[in-house]
Amino acid sequence: MTGAKLPALDAHAHIAPDVTQGQIAALGNAVVFAVTRSLHEADQVKNRRDNSLVWGVGVHPAVAAARAVWDAARFEELLGSFALVGEIGLDRRGGSWAQQRSIFHEVLTIVRDEPVLVSVHSSGAPTEVVQHLHDVNVRGAILHWFNGDDTDVKRAIDMDAYFSVNAAMSEEQLRRLPRDRVLCETDFPARKVRARTPADTQRIEKLLSEAWSISTGEVRATTWWNLRTLSERSGAIERLPEKIADVLLYL
Ligand SMILES: [Zn+2]
């Protein structure tokens with residue numbers, strides 16, 4: 001399939017757990033990774049079978065209410081219903097730093113050997129997040145909106161990490177990330193990214209096409225190839241909705 005024919009791929013967005021079939025249909029054939037912020041939200045979506053959405057089970061580091069009801073046993077129970085873990089991570093301004101670190105460590109320890117994709121938040125704490133990946137030996141995490149420096153990027157790649165990038169990121173940061181490690185995201189409804197809908201990846205694909213001197217169709221094909229590599233290595237391809245696994249297999 002050529003890049004121009006491939007659906008848009010959004011590797012990190014926030015979608016309401018009660019999203020309707022009509023709203024999903026409005027996204028066309030786009031594929032969206034829909035992270036959740038709390039186990040309660042994950043519980044609401046665990047039985048949904050949406051062909052174009054990959055729902056995540058997460059505990060957002062900056063959401064105190066989500067941290068307060070964190071329950072490792074409940075998380076493990078939910079995990080089997082998901083191909084994606086997210087949103088998890090650390091947030092420098094999210095409060096209760098020690099609690100954030102202990103939850104993140106616990107989550108990583110549980111997901112380390114599971115066939116899942118893992119979307120990680122690292123706002124203000126890229127070095128600490130990468131250190132956690134090393135400490136727990138978690139390979140193939142997807143670092144979302146990652147603003148670490150060259151050393152952080154190198155250490156992340158030592159752990160086979162990927163990066164989901166958006167249109168609010170600087171050109172300098174985008175150029176720091178190797179092409180075979182990049183996925184696109186909107187972090188919808190984050191205002192700074194200015195995506196009109198989930199899967200509105202046009203602006204970031206344009207920025208990458210300029211940074212990499214290739215067409216936007218080639219950017220899209222590259223990101224799908226990257227997802228294929230990661231999904232096969234992690235085993236998550238077995239849990240992805242069939243429609244998405246088919247796109248990957250017929251690339
Ligand atoms: Zn997010």
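Scope of this entry: the structure provided in the associated data block. All figures in this text were calculated on a predicted structure; none of them were measured in a lab. (Residues numbered from 1 in each chain as written. Predicted model: local features only at pLDDT ≥ 70, side-chain atom pairs only at ≥ 80, totals over all residues. Heavy atoms only, no water.)

1. Quick word on the overall build of the chain
Counting secondary structure elements, the chain contains 11 helices and 8 strands. Computed over the C-alpha atoms, the radius of gyration of the chain is 17 Å, within 12% of the 18 Å expected from 2.2 N^0.38 for a compact globule of 251 residues. Seen through its C-alpha atoms, the chain measures out along the principal axes to roughly 45 × 40 × 35 Å. The buried share of the chain, taken over its 251 residues, is 57%. Summarising the internal contacts of the chain: among those between residues at least 6 apart in sequence, 63% fall at separations of at least 24. For the chain, the exposed area adds up to about 10900 Å²; of that, 47% sits on carbon and sulfur atoms. Seen as two clouds, the 29 positive and the 33 negative side-chain charges of the chain have centres 4 Å apart. (Helix = DSSP H or I, 4+ residues; strand = E, 2+ residues; numbered from the N terminus. Rg over C-alpha atoms; globule rule 2.2 N^0.38 Å. Buried < 20%, exposed > 50% of the residue type's maximum accessible area, 1.4 Å probe, protein only. Contact = heavy atoms within 4.5 Å. Areas by Shrake-Rupley, 256 points an atom, 1.4 Å probe, with all protein chains shown as cover. Lys, Arg positive; Asp, Glu negative; His and termini not counted. Charge placed at Lys NZ, Arg CZ, Asp CG, Glu CD.)

2. Things to note about the side chain of E185
Along the chain, E185 falls in the loop between β8 (182-184) and α9 (202-212). No salt bridge forms around the buried E185; measuring N to O, its nearest opposite-charge neighbour K192 is 11 Å away. Here the side chain of E185 touches S164 through a polar contact of 2.7 Å, side chain to side chain. A polar contact is formed between the side chain of E185 and the side chain of N166, at a distance of 2.7 Å. Among residues more than four places away in sequence, those in contact with E185 are D10, A11, H12, H144, W145, S164, V165, N166 and I204. (Salt bridge = Lys/Arg side-chain N within 4 Å of Asp/Glu carboxyl O. Polar contact = N/O pair within 3.5 Å; in protein donor to acceptor, adjacent residues only side chain to side chain.)

3. Notes on the coordination of the zinc ion
Summarising the metal site, the zinc ion is bound by the protein donors H12 (NE2), H14 (NE2), E87 (OE) and D187 (OD), whose distances to it range over 2.2 to 2.5 Å. Considering all 4 donor atoms around the zinc ion, the spread of angles at the metal, 83 to 168°, places the coordination shape in the irregular class. (Donors = N, O, S within 2.8 Å, 3.2 Å for Na, K, Ca; no water. Tetrahedral: all angles 85-135°; square planar, octahedral: opposite > 155°, others 65-115°.)

4. Thoughts on the pattern of salt bridges
Inspection of the entire model under this criterion finds 15 salt bridges. Of the charged contacts in the structure, one is a salt bridge between R139 and D160, with a shortest N-O distance of 3.3 Å. Within this pair, whereas R139 is found in the loop between α6 (126-136) and β6 (142-144), its partner D160 is found in the loop between α7 (150-158) and β7 (162-165), the two being separated by 21 residues in sequence. For D160, a relative accessible area of 23% corresponds to the partly exposed category. Between E232 and R228 there is a salt bridge, with its nearest N and O atoms 3.5 Å apart. Of the two residues, E232 and R228 are both situated in helix α10 (residues 216-234); the distance of 4 residues between them amounts to about one turn of the helix. The partly exposed category is assigned to E232, whose relative accessible area is 41%.

5. Examining the packing of helix α5 (residues 97-111) against α6
Where α5 contacts α6, the axes come no closer than 10 Å and their chain directions differ by 40°. Between α5 and α6, the angle is such that the two are oblique. The element α5 and its partner α6 pack so that their crossing is right-handed. Residues W97, R101, F104, H105, L108 and T109 of α5 touch α6, and the partners they reach there are E128, V129, H132, L133 and V136. Of the residues that constitute the contact of α5 with α6, the class distribution is 6 nonpolar, 3 polar and 2 charged. (Axes fitted to C-alpha atoms, helices over the stretch in contact; angles between N-to-C directions. Parallel < 35°, antiparallel > 145°, perpendicular 65-115°, else oblique. Left-handed = near helix turned anticlockwise from the far one by under 90°. Nonpolar A, V, L, I, M, F, W, Y, C, P; charged D, E, K, R; others polar.)

6. What to know about helix α4 (residues 72-79)
Those residues of α4 lying buried are A72, F75, L78 and L79. Relative to the axis of α4, the buried residues are bounded by an arc of 120° and lie together on one face. Here the buried face of α4 lies against α2 (39-45), β3 (53-57), β4 (84-89) and α5. For α4, the N-terminal capping position is held by D71, with its side-chain oxygen 3.1 Å away from the main-chain nitrogen of A73. (Arc of directions from axis to C-beta.)

7. Some words on the layout of surface pockets
Of the volumes computed, that of the largest pocket is approximately 440 Å³. Taken together, 18 residues form the lining of the largest pocket, with H60, H121, H144, W145 and D187 sitting closest to its centre. When the residues that make up the lining of the largest pocket are grouped by side-chain class, the tally is 4 nonpolar, 8 polar and 6 charged. There is about 280 Å³ of room inside the second largest pocket. Along the walls of the second largest pocket sit 16 residues, with R48, R49, S81, R239 and P241 positioned nearest its centre. Sorting elements by how many residues they give to the lining of the second largest pocket places β3 first, with 3 residues. Grouping the constituent residues of the lining of the second largest pocket by class yields 8 nonpolar, 3 polar and 5 charged. (1 Å grid on protein atoms, 1.4 Å probe; cavity = no way out; pocket = protein on both sides within 12 Å on 5 of 7 lines; lining within 4 Å. Points joined across faces, edges and corners; volume = space filled by probe spheres on them.)

Treat this as a map of the structure, not an account of what it does.
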